[in-house]
Amino acid sequence: MHGHISFDHDKKGVQKFHSFDTPRIGGLAIFIGIAFSIAIQFFQELSFANIGLILVLSSLPVFILGLLEDVTKKISASYRLLAAFISAFLACYFLNTWLTNIQFMSIDLLLKIAPISILFTCFAVAGVTHSVNLIDGFHGIASMIGIFILSAIVYVAFKVSDVTILMLGISVIGAILGFFVLNYPKGFIFLGDSGAYLIGFWIALLSLLLVSRHEEVSNWFPFLLCFYPIFETLFTVFRRYFIKKTSPGLPDSFHLHQLIYKRVLRWIVVDKNDKNKKNSMTAPYLWALSLVSIIPAILFWKSHQILKIFAFMFVLCYLWLYGSIVRFKTPKFMIKRK
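All residue numbers here refer to positions counted from 1 along the written sequence of the relevant chain. It should be noted that, the model being predicted, local features are given only for residues of pLDDT at least 70 and side-chain atom pairs only at 80 or more, the latter also being counted only at that level, while totals for whole chains, interfaces and linings use all residues. The basis for every side-chain value is the complete set of non-hydrogen atoms in the structure, without hydrogens or water.

1. Observations regarding the packing of aromatic side chains
Between two aromatic rings, the relevant description is the distance of the centres plus the angle of the planes.
Thinking step 1. Each Phe, Tyr or Trp ring, with Trp reduced to its six-membered ring, pairs with another whose centre is within 6.5 Å; inter-plane angles below 30 degrees give stacked pairs, above 60 give edge-to-face pairs, and intermediate values give tilted ones. Under the definition given, this model contains 22 aromatic pairs.
Thinking step 2. Each ring, one from F89 and one from W98, has its centre 6.0 Å from the other, and the planes form 45 degrees; the classification is tilted.
Thinking step 3. By relative accessible area, F89 is classed as partly exposed at 35%.
Thinking step 4. Residues F235 and Y318 carry aromatic rings whose centres are separated by 5.5 Å and whose planes lie at 70 degrees to one another, so their mutual orientation is edge-to-face. With a gap of 83 residues between them, F235 in helix α12 (residues 227–243) and Y318 in helix α16 (residues 304–326) connect regions that are remote in the sequence. With respect to class, F235 is no different from Y318; both count as buried.
Thinking step 5. An aromatic cluster is defined as three or more aromatic residues linked by ring pairs; in this entry it consists of F104, W220, F223, F227, F231, F235, F314, Y318 and Y322.
Thinking step 6. For a lysine, the NZ atom is tested; for an arginine, the CZ atom; a charge sits over a ring if that atom is within 6 Å of the ring centre and within 35 degrees of the ring normal. Its guanidinium or amino end placed over the ring of Y261, K278 lies 4.7 Å from that ring's centre, counting from NZ or CZ. Relative accessibility thresholds used throughout: buried, under 20% of the residue-type maximum; exposed, over 50%; partly exposed, between the two (1.4 Å probe, protein chains only). Only DSSP runs of H or I with at least four residues qualify as helices, and only runs of E with at least two residues qualify as strands; both kinds are numbered from the N terminus onward.

Here you go:
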């Protein structure tokens, strides 16, 4: 009954790789799952539920704008980014949690100034929120990487005995898993902008809470956890603006996941009306790439010096991989052997 509103009927756009009309309201299911889990906790642990409620309510601006984009296709990226900024401000204000250092001395001095700290925090949260949406190109990419990142946050929360963040992280993971089983590999439902923004928002805020509540956790721990979507976003802006001389907001088909789909998986022969096999086989490559930064972050979550080294190594790895695929020199380990 709602198919004419909630389904994605466009299969010819530059970023469209699906074969049949598919609902784009996976984010609504995830939002309901998170809200239901937190509501149950009101009867068990009030302090946990209070923080959860603040995050649920604060996420509404970016979630609603994302959902409107999913059903209307008329909400510009700038408006959605503004909504992410508003959601970030609301959450940080009511939780009284702001970034006051990033373990770079020159920047840390500026972050001691309250207005700069507030703007920087909102920009960082909105940036991570938007970056998860940017990598949501094929079945299972953004949702599984979100699960990886949240699992790492839960692990460190366990190590520092922060039950609140641990339980909130598990709640979000459970909601994403409920979506994932219908999204991967067949793509019966899409995450949509609302779902991608929601996952990114929760990752950003749980990360911020973790590092602000526990000094022993390096601020570079969440940064390295999210380094794939963050660097994909930064590289996309650079590529579009400086190389292609176009607006960074204009969509194209040159993200890393799209190059893998078109060039690395070109050996897969599929019917033009059935792209799902090739679509679903794209995600594992990006899952593996994300683990290049996630695993070191888990192992060295206390040491910002080591985390910075691995961030630099990831940049080199990404650029080498992207350049190799663009030049049709895909590494042999990525190609199926006959």
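Moving on from the coordinates now.
2. Details of the nonpolar core
Across soluble globular proteins, nonpolar side chains have a tendency to be buried as a group.
Thinking step 1. With 91 residues, the main nonpolar core has L55, W202 and F221 as its most contacted residues.
Thinking step 2. Considering every element that reaches this core, the biggest residue donor is helix α10 (residues 192–213), with 13 residues.
Thinking step 3. Contacts are assigned to residue pairs with any non-hydrogen atoms lying within 4.5 Å of each other. In contact with W202, not counting residues within four places along its chain, are I34, I38, G52, L55, V56, L168 and V172.
Thinking step 4. With five residues, the next largest nonpolar core counts V62, A83, A126 and Y197 among its residues. As used in this record, nonpolar core signifies buried Ala, Val, Leu, Ile, Met, Phe, Trp, Tyr and Cys residues forming a set joined through side-chain atoms within 4.5 Å.

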